[in-house]
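Report on the structure
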Amino acid sequence: MKPKFSSSISKKFVFSTEIEDALADDPICLNMLYQQAIDDLNNGRFETSGKEIELKRTQHVTTQKEFLKIVHSCPGYNTVTFPHCMCDSRKDGHVVLSVCESKIAIQACSTEGEKQDQIKN
């Protein structure tokens, strides 16, 4: 009989940098926020916009708060982007939905998920 394994993933669901700053006062929360930011950085979930050197310099367990301050200023940080899906308002196209602290964005894309300019018919 094969052993059964299960796993769970815990991710933050916070879109506000102010709330993140308050949570970062707790060492356990700080570590979770830091680890999530590292994962988001490594998976290209936000733009580093010329801050690669600063991010690399602060990417250490002793500089977690400083690292988080830098990623707070990066475009796309704290944004959740959902997989592309069909949309009734686009005849033969799909859309990508993104949610962040300040807005909900819908980006036109191809049926393969490649971003497109909005097409007017």
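Report on the accompanying structure.

Rules used throughout
Residues numbered from 1 in each chain as written. Predicted model: local features only at pLDDT ≥ 70, side-chain atom pairs only at ≥ 80, totals over all residues. Heavy atoms only, no water. Helix = DSSP H or I, 4+ residues; strand = E, 2+ residues; numbered from the N terminus. Buried < 20%, exposed > 50% of the residue type's maximum accessible area, 1.4 Å probe, protein only. Contact = heavy atoms within 4.5 Å. Phe/Tyr/Trp six-rings, centres within 6.5 Å; stacked < 30°, edge-to-face > 60°. Axes fitted to C-alpha atoms, helices over the stretch in contact; angles between N-to-C directions. Parallel < 35°, antiparallel > 145°, perpendicular 65-115°, else oblique. Left-handed = near helix turned anticlockwise from the far one by under 90°. Nonpolar A, V, L, I, M, F, W, Y, C, P; charged D, E, K, R; others polar. Salt bridge = Lys/Arg side-chain N within 4 Å of Asp/Glu carboxyl O.

**Some words on the overall build of the protein**
When helices and strands are tallied, the protein shows four helices and four strands. Reading the protein from its N end, one meets helices and strands in the order α-α-α-α-β-β-β-β. Referenced to the eigenvectors of the C-alpha coordinate spread, the extents of the protein come out at roughly 55 × 50 × 25 Å. Per-residue burial for the protein yields a buried fraction of 32% across its 121 residues. Sequence-distant contacts in the protein: of pairs separated by 6 or more residues, those separated by 24 or more amount to 38%.

**As for the packing of aromatic side chains**
Summed over the entire model, instances satisfying the criterion amount to two aromatic pairs. When the ring of Tyr 34 is compared with that of Phe 67, the centres are 5.4 Å apart and the planes differ by 75°; the resulting orientation is edge-to-face. Here the residue Tyr 34 occupies a position in helix H2 (residues 27-42), and Phe 67 occupies one in helix H4 (residues 64-72), the gap between them amounting to 33 residues. Residue classification places Tyr 34 among the buried positions, given a relative accessible area of 5%. Residue classification places Phe 67 among the buried residues on the basis of a relative accessible area of 0%. Considering the side-chain rings of Phe 46 and Tyr 77, the 5.5 Å spacing of their centres and the 90° angle between planes classify their relative orientation as edge-to-face. Taken together, the positions of Phe 46 in the loop between H2 and helix H3 (52-58) and Tyr 77 in the loop between H4 and strand E1 (80-81) put the pair 31 residues apart, joining distant regions of the chain. By relative accessible area, which is 7% here, Tyr 77 ends up buried.

**Quick word on the packing of H2 against H4**
Relative to each other, H2 and H4 sit at 50°, their axes nearing to 10 Å. Here H4 runs oblique to H2, going by the angle between their axes. Helix-helix and strand crossings are classified by hand; for H2 and H4 the assignment is left-handed. For the pair H2 and H4, the contacting residues are Leu 30, Asn 31, Leu 33, Tyr 34, Ala 37, Ile 38 and Leu 41 in the first and Gln 64, Lys 65, Phe 67, Leu 68 and Val 71 in the second. Here the residues of the contact of H2 with H4 are counted per class, giving nine nonpolar, two polar and one charged.

**A short note on H4**
Side chains of residues three or four places apart in an α-helix project in the same direction, reflecting 3.6 residues per turn. When we look at burial in H4, the residues that qualify are Gln 64, Phe 67, Leu 68, Ile 70, Val 71 and His 72. Close packing links the buried residues of H4 with helix H1 (17-23), H2 and H3.

**Quick look at the pattern of salt bridges**
The final tally for this structure, using the stated rule, is four salt bridges. Across the salt bridge formed by Asp 25 and Lys 65, the nearest N and O atoms sit 3.4 Å from each other. Of this pair, Asp 25 sits in the loop between H1 and H2 while Lys 65 sits in helix H4, and the two are 40 residues apart along the sequence. Asp 25 sits in the exposed class, given a relative accessible area of 60%. Classification of Lys 65 by relative accessible area gives partly exposed; the value is 42%. Arg 45 is the partner of Asp 39 in a salt bridge, and the nearest nitrogen-oxygen pair spans 2.9 Å. Residue Arg 45 is classed as partly exposed on the basis of its relative accessible area, which comes to 40%. Residues joined in a network through salt bridges with shared partners are Asp 39, Asp 40 and Arg 45.

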